[in-house]
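# Understanding the architecture of this molecule
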Amino acid sequence: MEPLTVISISPSPPPPSLGRTRCPGAPVLAPALDDTQLAIAAEALALGQWVRVRTLLAATGEDWDLRGHRLTVLATGPGSAAWAGDWQLAEPDSGDAATLLALATVHLALRGESSAEAAAKACATAARMLPADPTPWLGALILARRTGTPDARAHAFHQVRARHRDHHHAHHLMTASLAEQWPGVTDDPRHPAHAFAARAAARAPADSPLALLPVVAHAERYRVLAAAGLAPPDPADWGPWSTRRARQVLQSAVDWWLEWEGEEHPRRKIDLNFLAHATFHQGRMAEAAALFGRIGPYPTRAPWSYPGRDAEGAFRAARATALRRAGNAPRDPAALMTKV
């Protein structure tokens, strides 16, 4: 893998509520997405009730994408590090407690409330306790993405992939990180982010949502270029959405979605948001409307916040426009099988 250029990124703001939406159908940025059990466990953890988290993680088993999603969301909650520390004191041999503490310490480090060294040490401890689990290495990758060297990012990614070849979150993180390489260069289909995403999509199993990674790379490059002043602040004004390559990438992604949908994947709402964002900005309103229907009240911060926009407001506006312009277009994905 080519060396990555380190880009300084300010710590993320405190996460929004992990709970359910405020009213049926109203979009709200909820990290738990549609995982009701996770949202309940996160609320319990915020009250110090870590036993419910223990039960949730035991039921999750070795579904690594689901485990990674649940632990990263739990780790961002208020007081997670403190409550995970209490859990570890009560059950010092618990790898689940160590992993939650590791990821929570990573998020403390990203907010400037702990050191990167302490977070890295916590991830290493959890990795020793659970050598087959990619999640402690996912924590190391999240940390390296913001504070580490290119070699540290590459090492953490390869450790994740050695344990779960098609790890969804890790591939998204590496795509975003690679997109930040050469920030002053205009978009190029040979850019490392595009090359990485294309390779990952090509080598993934046919039913893997990594097929949508090239669409993610396109959005991540827009984020970087817009931040550098090389792309307009409104994504609707960015010309490369309509290039031949972008149309081909999106068509392949839409074709995959129509055939496989990925409805069982725990992070499918994230993929759907990236896909809706791309179809909307390419003017494919019938598909965008169908995708917004599948997203329901679960917008994600990325990519609607790119670059520095109000994610929830951008999602609402795009959804309203897509539904209005699609008119009476069928919302059943099967009805969209005709190529656009």
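Residues numbered from 1 in each chain as written. Predicted model: local features only at pLDDT ≥ 70, side-chain atom pairs only at ≥ 80, totals over all residues. Heavy atoms only, no water.

## Describing the overall build of the protein chain
Put simply, the rule is: Think of it this way: any DSSP run of H or I at least four residues long counts as a helix, any run of E at least two long counts as a strand, and we number them from the N terminus. Residue exposure (1.4 Å probe, protein chains only): buried if accessible area is under 20% of the type maximum, exposed if over 50%, otherwise partly exposed. Here, Shrake-Rupley sampling with a 1.4 Å probe gives the accessible areas, and only protein chains in the shown set may cover a residue.
Within the protein chain, the regular secondary structure consists of 16 helices and zero strands. Counting only residues that meet the buried cut, the protein chain has 55% of its 340 residues in that class. Accessible surface, the protein chain: about 14500 Å² in total, of which carbon and sulfur atoms supply 55%.

## What about the pattern of salt bridges?
Operational definition: Any Lys or Arg side-chain nitrogen found within 4 Å of a carboxyl oxygen on Asp or Glu counts as a salt bridge.
Under the defined criterion, the tally for this structure stands at 15 salt bridges. As a salt-bridge pair, R268 and E263 come within 3.8 Å of each other at their nearest N and O atoms. By relative accessible area, R268 is classed as buried at 17%. Where E312 meets R316, a salt bridge forms, and the shortest distance between an N and an O atom there is 3.3 Å.

## Details of the nonpolar core
This is how the line gets drawn: Residues grouped as a nonpolar core are buried Ala, Val, Leu, Ile, Met, Phe, Trp, Tyr and Cys residues, joined through side-chain atoms within 4.5 Å. Here, residues are in contact when the closest pair of their heavy atoms is within 4.5 Å.
Membership of the largest hydrophobic core comes to 95 residues, with the highest contact counts inside it found for V53, L74, L100, W257, L275, F292 and W304. If near-sequence neighbours (up to four positions away) are discounted, F292 is found in contact with A276, W304, F315, A318, R319 and A322.

## A short note on helix α8 (residues 150–163)
What counts is decided by this rule: Given the number of residues in a helix, its expected span is that number minus one, multiplied by 1.5 Å. The directions from the helix axis to the C-beta atoms form the arc being described.
The terminal C-alpha atoms of α8 lie 20 Å apart, and with 14 residues this matches the ideal 20 Å at 1.5 Å per residue to within 8%. Within the sequence span of α8, burial applies to P150, R153, A154, A156, F157, V160 and R161. Looking down the long axis of α8, one finds its buried residues gathered within 165 degrees of arc, a one-sided arrangement. Residues of α8 that are exposed and point more than 90 degrees away from the buried face comprise D151 and A162.

## Considerations on unusual backbone geometry
Omega for the bond connecting A302 with P303 falls within 30 degrees of zero, at 5 degrees, which places this linkage in the cis form. Cis geometry is adopted by the peptide bond preceding P307, which originates at Y306 and carries an omega value of -15 degrees. With respect to the element layout, P307 can be found in the loop between α15 (301–304) and α16 (311–326). One non-glycine residue, L33, lies in positive phi territory at about 55 degrees. Its location among the elements puts L33 in the segment before α1 (36–46). By relative accessible area, which is 8% here, L33 ends up buried. The phi torsion at E261 lies on the positive side, around 65 degrees, for a residue other than glycine. Using a relative accessible area of 22% as the deciding quantity, one classes E261 as partly exposed.

## Points about the packing of aromatic side chains
Keep this limit in mind: Two aromatic rings from Phe, Tyr or Trp, using only the six-membered ring of Trp, form a pair when their centres are within 6.5 Å; if the ring planes differ by under 30 degrees the pair is stacked, by over 60 it is edge-to-face, and anything between is tilted.
Taken as a whole, this structure holds six aromatic pairs when the rule is applied. An angle of 10 degrees between the planes, with centres 5.7 Å apart, marks the rings of W50 and W87 as stacked. Placement of W50 in helix α2 (residues 50–60) and of W87 in helix α4 (residues 80–90) is noted, with a sequence separation of 37 residues between them. Taking the relative accessible area as the measure of exposure, W50 reaches 15% and is therefore buried. We classify W87 as buried; its relative accessible area is 0%. For the pair F157 and F196, a centre-to-centre distance of 5.6 Å together with 70 degrees between the ring planes defines the contact as edge-to-face. Of this pair, F157 sits in helix α8 while F196 sits in helix α10 (residues 192–203), and the two are 39 residues apart along the sequence.

## Quick notes on the confidence of the model for the protein chain
Quick reminder of the rule: What pLDDT conveys is the predictor's confidence in a given residue, as a value from 0 to 100.
Averaged over all residues, the pLDDT of the protein chain is 88; the fraction at 70 or higher stands at 87%. Taken as a whole, residues 1–25 scores under 50 in pLDDT and shows 60 contacts with residues more than four places along the chain or in a different chain. Across residues 333–340, confidence stays below pLDDT 50; counting only partners more than four residues off in sequence or on other chains, it has 16 contacts.

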